[in-house]
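A closer look at the structure
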Amino acid sequence: MMGANYWWCILFLIVKVLDSEQKSTPDSSNYIAAVVEYSPAYTNGNAESTLKENTNAYVQFINKAGVQNVDIIVFPEDGLTSVNLPAREHMDPWTTTIPINHVPCDDNINGVSDTLKSISCAAKKNQIYVVINIAEKLICEENDCPTDKVFYYNSNAVFDRTGKIISRYRKTHLFVESQFNVTAEPEVTTFDTDFDVRFGTFICFDILFDTPSLNITRSLGVTDIVYPTAWFSETPFLTAVQTQAGWSYAEDVNFMAAGYNRPKFGNAGSGIYLGRRGIGQAIFPTTDTSELLIVNVPKIKKSIYENLRTRREARKFNGQDKENYPVTQSNASKSRFWKRSMDEFLYLHDDLSTYTTDLLDTSRTHHEKSVCHDKFCCDFNVDIVAVDPNFKYRIVAFNGVRKYVVVEAAISVCSLVQCRNDSIVSCGEVGSSDTAFKSITITGTFENDKRVLVMPSTVGSDLLPLRDWTYEEHKHESHVHVTISLNVTTKNVVTFGLYSRNYKDDPKSNADSQHTKLFLVFSGSLIFYCRYLKTIW
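These numbers come from a predicted model, not from an experiment.

Conventions adopted
Residues numbered from 1 in each chain as written. Predicted model: local features only at pLDDT ≥ 70, side-chain atom pairs only at ≥ 80, totals over all residues. Heavy atoms only, no water. Helix = DSSP H or I, 4+ residues; strand = E, 2+ residues; numbered from the N terminus. Buried < 20%, exposed > 50% of the residue type's maximum accessible area, 1.4 Å probe, protein only. Disulfide = S-S within 2.5 Å.

To continue, consider unusual backbone geometry. The amide bond that connects Thr211 to the next residue, Pro212, takes the cis arrangement and shows omega of 10°. Along the chain, Pro212 falls in the loop between strand 7 (198–201) and helix 4 (213–219). The omega torsion of the bond from Thr235 to Pro236 falls at 5°, within 30 degrees of zero and hence cis. One can find Pro236 in the loop between strand 9 (234–235) and helix 5 (240–251). In this model, Val405 sits at a positive phi of 65°, which is unusual for a non-glycine residue. Mapped onto the elements, Val405 comes out in the loop between strand 19 (392–404) and strand 20 (407–419). Non-glycine residue Asp468 carries a positive phi angle of around 60°. Secondary-structure assignment places Asp468 in the loop between strand 22 (452–460) and strand 23 (469–475). By relative accessible area, Asp468 is classed as partly exposed at 27%.

A separate point is the state of the cysteines. If you walk through the whole model with that rule in mind, you get five disulfides. Between the sulfur atoms of Cys140 and its disulfide mate Cys145 the distance is 1.9 Å. Its torsion about the S-S bond being -85°, the disulfide of Cys140 and Cys145 is classed as left-handed. Taking relative accessible area as the criterion, Cys145 reaches 18% and is therefore assigned buried. Sulfur-sulfur distance for the disulfide between Cys372 and Cys377 comes to 2.0 Å. Here the S-S torsion is close to 105°, and the disulfide linking Cys372 with Cys377 is therefore right-handed. The exposure class of Cys372 is partly exposed, given its relative accessible area of 36%. Of the residues examined, Cys377 reaches a relative accessible area of 31% and is grouped as partly exposed. The connectivity of the disulfide bonds within the chain can be written as 1-2, 3-4, 5-6, 7-8, 9-10, using the sequence rank of each bonded cysteine.

See below:
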């Protein structure tokens with residue numbers, strides 16, 4: 001008679017076979033991706049305790065994803081250390097070496113933290129690709145070293161299904177992170193998976209620059225991106241999910257964004273985006289939460305991708321594609337946001353006083369106007385069917401250089417924005433408006449250049465992108481006409497328009513600013529930090 005151990009062995013083998021069949025393969029048309037919106041633990045000044053608690057939470061998420069046959073899971077920027085890093089001279093216990101082509105779970109390598117070992121073991125146990133962000137330490141033995149003879153980097157590390165670290169990326173564009181260094185030359189990082197998808201990776205603020213992001217998509221043709229972020233939302237054009245969705249749509253790539261969750265300090269927003277197919281899932285929580293988002297992501301075949309990149313016909317976006325990928329939000333965002341003071345969710349605010357703007361007369365139902373700034377013109381056609389007297393709207397245009405807190409950047413904008421009152425200072429404040437637009441059509445003419453990125457820029461009062469709009473490009477030799485149209489009657493419009501980054505026109509001084517300590521910030525950021533201090537005092 002066969003013993004119990006025999007039957008347990010048979011059952012184990014059956015489970016393993018079934019499990020292996022459920023993993024995505026090169027022949028699979030889809031793969032399963034997960035991102036984690038994570039609210040980190042932080043023990044005041046204690047690196048060991050902070051890292052241990054967050055590492056344990058990561059392992060639980062990896063285990064949960066493994067049970068659901070996730071192929072790749074992405075965690076946010078700073079999720080292991082929290083953003084509360086100390087001054088540079090106290091950084092060492094918060095950091096780790098990142099040994100490429102080693103399995104920290106199995107290999108005893110000097111300088112590798114317990115965090116990397118634990119996550120390596122979890123990736124191996126669950127046979128899952130894992131992307132984390134962590135503070136990296138690299139001893140400097142060159143002539144051109146920092147005075148403390150060590151480089152500290154804000155880095156992504158990628159583990160494969162065996163727990164091996166197969167890739168690493170060091171952040172190029174730091175955002176008030178004086179503890180960290182940047183590499184002499186920006187890294188352009190990709191990695192391959194056993195389900196025949198090549199991924200690129202970059203971090204947070206990098207998304208607003210062409211290097212390395214467009215090197216990955218436009219030069220290397222990579223169609224899938226993993227993106228840890230600790231984004232500080234800025235209205236009306238650069239809130240977290242709005243930016244993630246806009247970038248994914250513009251480049252027509254699958255985009256896995258894992259966001260740091262700390263709404264009272266301005267951090268929230270994660271999603272899995274499917275380029276011009278729509279949004280898999282996206283959340284913008286306005287209360288502290290940690291959530292796992294899982295989406296069955298269609299692979300983008302290279303030949304199809306190349307065809308899509310050259311098409312000029314209209315594309316419809318309605319929040320989902322034919323396979324019914326819904327736009328979702330957390331219950332906290334949906335049910336509680338407007339019951340709370342806006343002071344409880346912190347966001348930056350772009351200064352529109354330098355824009356050319358025109359206040360819409362809401363007593364009229366139809367508006368057809370052209371607004372120009374510095375020879376850059378935007379054409380607007382707007383129909384209003386209901387008016388909320390508590391809100392106003394402006395149509396705006398801008399073409400020039402603005403400040404992203406630590407660096408200057410060239411942008412072009414055509415948009416309709418919500419305002420609290422007639423004052424332009426009130427534009428970009430988020431509110432739930434009953435003003436209903438039957439249609440909005442906005443057209444701008446942009447340079448047809450590889451170093452220009454034109455993104456749809458839409459957001460509603462729930463801080464998620466609007467649905468039911470179309471996007472059309474008509475390319476010519478030197479320019480491209482881009483039209484975005486809202487064709488379904490819609491309320492709660494905060495922003496609807498086009499946002500372009502003109503990388504080739506960025507001030508040349510930007511390159512140097514990334515290699516120096518950052519002490520000064522512009523006035524909008526100063527307001528942000530004053531409000532930040534007020535909340536913690």
